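Structural overview
So you can see what is in the structure, the chains are spelled out below.
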Amino acid sequence: MTGPAALRLAGWGFRHATRKAWAVRDVDLAVAPGERVLLTGASGSGKSTLLRAVAGLLEPEAGDPTGELAVDGAAPDRRRQRVGMVFQDPDSQLVMIRAGDDVAFGLENTGTPPALIWPAVDAAMDAVGFELGRDRATAALSGGQKQRLVLAGALAPRPGLLLLDEPTAQLDPDGAAQVRTAVLRAVADRSATLLVVDHDVEAWLPLVDRVVELLPGGGAVEHEPGWRPAAPRLPERRPHSPGEQLLAAEAAGYTHRGSSTPALLPTDVALHAGRTLAVTGPNGTGKSTLALLLAGLRAPTTGRVVAGPALTTGLRHPDRPPSRWRAGELVLRIGTVFQQPEHQFLTGRVRDELSLGALRAGAGGTAAPQRAEELMDRLGLAELAEANPFTLSGGQQRRLSVATALATAPRVLVLDEPTFGQDRETWAELVQLLADQQDGERALCLVTHDAAVVTALADDVLVLGLPVVA
């Protein structure tokens, strides 16, 4: 079967096997062949679950489905070769060591003639602006570069139904625009049906035929033409004068083992109490690598990271760099949010995840559980206290990862894309929570492509390769 696919859901819903609450329910949706639909809704409303179901990726043992769901009139698991999907986390899709081989993987699985595979690989990589070549190691790519690569892999077999879950969330503005252009080019002739999930609604509105919103209590609503989402609330700015230096990178750079290309060129930056630094710049310039160095989770291969007296007081070896501190020492001093939140979860319950840092640092009593309850209430996670962190939506996982970084009240916060996957309400609450940390005693470092976050919170901005400016 070729050509654009049709999609139909009637009273469809799904409940995960480990949950009492439904992830999504009572959805009626018909998407005609060649249509382009933007799917939006509150964080946790079931958008990603719906996409996985349409792709035929929800196994029977994963939970309880209800209602009807069909792709081209058949169950999704019988139409998998008709579907190309890009997940929120690109690491979950990368299967090969080399970039070109990863894009070719789907073509080989669908029986594409060998003579046609590499021209299709090159065309797909070019369409999404992946300019690093077939031989680039996938392990050495930035998050944004990985996201472009998995999009190329989804586009290469020319699927009849293209499913995109937050496809531009980890891209710089130019890269995001390039990916949207590539997607539009792929579906411009209506040869494929498009269903895209994205919280950046404004950017997609000119490219889609209609917008459907999943409602938190179940069901879906289609918005009228000309609909625009409400502007997010911004917290009141409370500027502080620079306090003592808490942490600094001095000509700190990093090169992956076996690579001749630096992941981060030598960089100088200082984090001061009372100041918030936003780190921005194009994908692949080393923003996430710099965050790992400052967080003490990776040692630089050139230069050094130095902690100030306020952070080293009480350490057994105060002369050591953060990368050589014990876990209990580090968690009390530097809080970290990874680019991919699920990479930092270590327990089987949301409640336990929020208490883990304090317990590892030797805290006892009721302080850690009380702090966990406060953070869960603040970030809309209280109803998920007993849930496994790995079963949360992408936006819920992001809020949980931010909460774990705050749980031990560290003096330095290093947060990589802290607002990823949020709807406008949860975005505003998360940004307000971060604004509350700007108390004159802490230093915040935010790695982000979110211009609204920079406007709302940043005192200083570092564009990698350029000096810090006030």
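**Quick notes on the overall build of the chain**
Counting its secondary structure elements, the chain contains 14 helices and 17 strands. Against the compact-globule benchmark of 23 Å for 470 residues, the chain has a radius of gyration of 23 Å, which places it among compact chains. Overall size of the chain, expressed as C-alpha extent along the three principal axes, is 65 × 50 × 40 Å. Classification of the 470 residues of the chain by burial places 53% in the buried group. Taking as baseline every contact in the chain between residues at least 6 positions apart, the subset at least 24 positions apart corresponds to 71%. Accessible surface, the chain as shown: approximately 20000 Å² in total, 52% of it carbon and sulfur. Charge separation in the chain, taken as the distance between the mean sites of 46 positive and 55 negative side-chain charges, equals 3 Å.

**Details of the nonpolar core**
Counting residues in each nonpolar core, the largest one holds 39 residues, and the members touching the most others are Val103, Met125, Leu149, Leu151, Leu164 and Val183. If you list the elements that add at least two residues to this core, you get helix H2 (99-109), helix H3 (114-127), helix H4 (143-155), strand S6 (161-165), helix H5 (173-187), strand S7 (193-197) and helix H6 (201-204). The greatest single-element share of this core, amounting to 6 residues, is contributed by H4. In contact with Leu164, not counting residues within four places along its chain, are Leu51, Val86, Leu151, Val183, Leu194, Leu195, Val196, Val197 and Trp204. Phe345, Leu354, Leu384 and Ala385 belong to the second largest nonpolar core, which has 33 residues in total.

**Some details on the layout of surface pockets**
When its volume is computed, the second largest pocket comes out at roughly 1200 Å³. Surrounding the second largest pocket, 40 residues form its lining, Val83, Gly84, Gly153, Ala154 and Pro157 being those nearest its centre. Where the lining of the second largest pocket is concerned, the elements lending two or more residues are strand S5 (83-86), H2, H3, H4 and H5. At 5 residues, the largest contribution of residues to the lining of the second largest pocket is made by H2.

**Some thoughts on the packing of H2 against H4**
Their axes nearest at 7 Å, the elements H2 and H4 cross at an angle of 30 degrees. Along this stretch, H2 crosses H4, giving a crossing that reads as right-handed. Between H2 and H4, the contacting residues are Ala99, Asp102 and Val103 on the first element and Leu149, Ala152 and Gly153 on the second. Looking at side-chain class alone, the contact of H2 with H4 contains 4 nonpolar, 1 polar and 1 charged residues.

**Points about the environment of Leu214**
Here Leu214 shows up in strand S8 (residues 210-214). Residues Leu214 and Pro114 lie 100 residues apart in sequence; the distance between their C-alpha atoms is 42 Å. In this view, Leu214 contacts Val24, Val27, Leu39, Thr40, Gly41, Ala42, Ser45, Gly46, Lys47, Leu50, Gly219 and Ala220; residues no more than four positions away in its chain are not counted.

**Observations concerning the side chain of Glu353**
Within the secondary structure, Glu353 sits in helix H10 (residues 350-360). Here Leu346 takes part through its backbone nitrogen, which lies 3.0 Å from a polar atom of the side chain of Glu353. Within polar-contact distance, the side chain of Glu353 engages the side chain of Thr347 at 2.8 Å. Once residues lying within four places of it in the same chain are set aside, the contact partners of Glu353 are Gln344, Phe345, Leu346, Thr347, Pro389, Leu400 and Thr404.

Conventions we followed
- Residues numbered from 1 in each chain as written.
- Predicted model: local features only at pLDDT ≥ 70, side-chain atom pairs only at ≥ 80, totals over all residues.
- Heavy atoms only, no water.
- Helix = DSSP H or I, 4+ residues; strand = E, 2+ residues; numbered from the N terminus.
- Rg over C-alpha atoms; globule rule 2.2 N^0.38 Å.
- Buried < 20%, exposed > 50% of the residue type's maximum accessible area, 1.4 Å probe, protein only.
- Contact = heavy atoms within 4.5 Å.
- Areas by Shrake-Rupley, 256 points an atom, 1.4 Å probe, with all protein chains shown as cover.
- Lys, Arg positive; Asp, Glu negative; His and termini not counted.
- Charge placed at Lys NZ, Arg CZ, Asp CG, Glu CD.
- Core = buried A, V, L, I, M, F, W, Y, C linked by side-chain atoms within 4.5 Å.
- 1 Å grid on protein atoms, 1.4 Å probe; cavity = no way out; pocket = protein on both sides within 12 Å on 5 of 7 lines; lining within 4 Å.
- Points joined across faces, edges and corners; volume = space filled by probe spheres on them.
- Axes fitted to C-alpha atoms, helices over the stretch in contact; angles between N-to-C directions.
- Left-handed = near helix turned anticlockwise from the far one by under 90°.
- Nonpolar A, V, L, I, M, F, W, Y, C, P; charged D, E, K, R; others polar.
- Polar contact = N/O pair within 3.5 Å; in protein donor to acceptor, adjacent residues only side chain to side chain.

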